[in-house]
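Analysis of the macromolecular model
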Amino acid sequence: MTRAYRVGDELPPLEIPVTRTLIVAGAIASRDYQDVHHDAELAREKGSPDIFMNILTTNGLVGRYITDHFGPTAVLRKVAIRLGAPNHPGDVMRLTGRITEVAAGEPAEAVVQVTGDNGIGRHVTGTVTIALPGPSPKRSGT
């Protein structure tokens, strides 16, 4: 049975602790070796109070938020984000989302507006297009 998604449906929020390890691991995983993502002293020399999360880590966390909600058979078609306030260690990013479009088709698609806030403001704003999960394909011979 497939769940019916509707325009206006709100996704439950997801709170992600922003740790130094998360910031550094995300930068390394995305091969972003800029010092502001791993060296607090150099980040301060460049005007930041501490290291901060890179856009690719944020993009991955937005994708995780969507697939955690829609399930493992959902497919991200497009993720478009814009960064605002930086994510620093010791803060918490709270992701929220709302379905703004649902289109019938094979597979059906939905568009979700996503925002992520932390203690200093809006960290991320984005739009995610997702192919909605449907019934699992039948295996041959069953």
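Residues numbered from 1 in each chain as written. Predicted model: local features only at pLDDT ≥ 70, side-chain atom pairs only at ≥ 80, totals over all residues. Heavy atoms only, no water.

Some words on the overall build of the protein chain
Across its full length, the protein chain holds 3 helices and 5 strands. The secondary structure elements of the protein chain, listed N-terminal to C-terminal, are β-α-α-α-β-β-β-β. The proportion of buried residues among the 142 residues of the protein chain is 39%. A separation of at least 24 residues holds for 66% of the contacts in the protein chain among residues at least 6 apart in sequence. In the form shown here, the protein chain has an accessible surface area of approximately 8300 Å², with 53% of it arising from carbon and sulfur atoms. Charged side chains in the protein chain number 15 positive and 15 negative. The centres of these two groups are separated by 8 Å. (Helix = DSSP H or I, 4+ residues; strand = E, 2+ residues; numbered from the N terminus. Buried < 20%, exposed > 50% of the residue type's maximum accessible area, 1.4 Å probe, protein only. Contact = heavy atoms within 4.5 Å. Areas by Shrake-Rupley, 256 points an atom, 1.4 Å probe, with all protein chains shown as cover. Lys, Arg positive; Asp, Glu negative; His and termini not counted. Charge placed at Lys NZ, Arg CZ, Asp CG, Glu CD.)

Comments concerning helix H3 (residues 55-70)
Helix length check: H3 (16 residues) gives 23 Å between terminal C-alpha atoms against 22 Å at 1.5 Å per residue, within 8%. Check the buried side of H3 and you find it contacts strand S1 (10-18), helix H1 (20-29), strand S2 (75-83), strand S3 (91-103), strand S4 (109-118) and strand S5 (121-131). Positioned one or two residues after H3, Gly 71 has a phi angle of 100 degrees, which is positive. (Expected span 1.5 Å × (residues − 1).)

Description of the sheet that holds S2
What links the strands of a sheet is backbone hydrogen bonding, and the strands pair in either a parallel or an antiparallel sense. One open sheet holds the 5 strands; their spatial order is S1-S3-S4-S5-S2, and the pairing between them is antiparallel. Taken across any chain shown, the strands that pair with only one partner, and hence form the sheet edges, are S1 and S2. Strand-to-strand twist in this sheet, taken as the mean axis angle between neighbours without regard to direction, amounts to 20 degrees. (Pairing = 2+ DSSP bridges. Axes fitted to C-alpha atoms, helices over the stretch in contact; angles between N-to-C directions.)

Considerations on the pattern of salt bridges
Applying the stated criterion to the full structure yields 6 salt bridges. For Arg 77, the salt bridge is made with Glu 109, and the minimal N-O distance between the two is 3.3 Å. Of this pair, Arg 77 sits in strand S2 while Glu 109 sits in strand S4, placing them 32 residues apart in sequence. Residue class for Glu 109 comes out partly exposed when judged on its relative accessible area of 29%. Taking the shortest distance from any N to any O, the salt bridge between Asp 117 and Arg 122 comes out at 2.6 Å. The partly exposed category is assigned to Arg 122, whose relative accessible area is 42%. (Salt bridge = Lys/Arg side-chain N within 4 Å of Asp/Glu carboxyl O.)

Section: the pairing of S4
Within S4, 7 of the 10 residues are buried, which leaves the element mostly enclosed by the surrounding structure. Sheet topology places S3 next to S4; 9 bridges connect them, and they run antiparallel. Directly across from Gly 97, in S4, lies its bridge partner Val 114. Hairpin connection between S3 and S4: a loop of 5 residues separates the two successive antiparallel strands, and Gly 105 in this loop has a positive phi of roughly 155 degrees.

Points about the packing of aromatic side chains
Evaluation of the coordinates by the stated rule reveals 1 aromatic pair. Ring centres of Tyr 5 and Phe 70 lie 4.9 Å apart, and the angle between their planes is 55 degrees; on these two criteria the pair is classed as tilted. Linking Tyr 5 in the segment before S1 with Phe 70 in helix H3, this pair joins segments that are 65 residues apart in sequence. A relative accessible area of 14% means that Tyr 5 is categorised as buried. (Phe/Tyr/Trp six-rings, centres within 6.5 Å; stacked < 30°, edge-to-face > 60°.)

A closer look at the nonpolar core
With 28 residues, the main nonpolar core has Ile 66, Phe 70, Leu 95 and Val 114 as its most contacted residues. For this core, the secondary-structure elements that each account for two or more residues are S1, helix H2 (40-45), H3, S3, S4 and S5. With 5 residues, H3 is the largest single contributor of residues to this core. Ignoring anything within four residues of it in the chain, the contact list for Ile 66 reads Leu 11, Leu 76, Val 112, Val 114, Val 128 and Ile 130. (Core = buried A, V, L, I, M, F, W, Y, C linked by side-chain atoms within 4.5 Å.)

Read these as layout, nothing more, since geometry by itself doesn't imply function.
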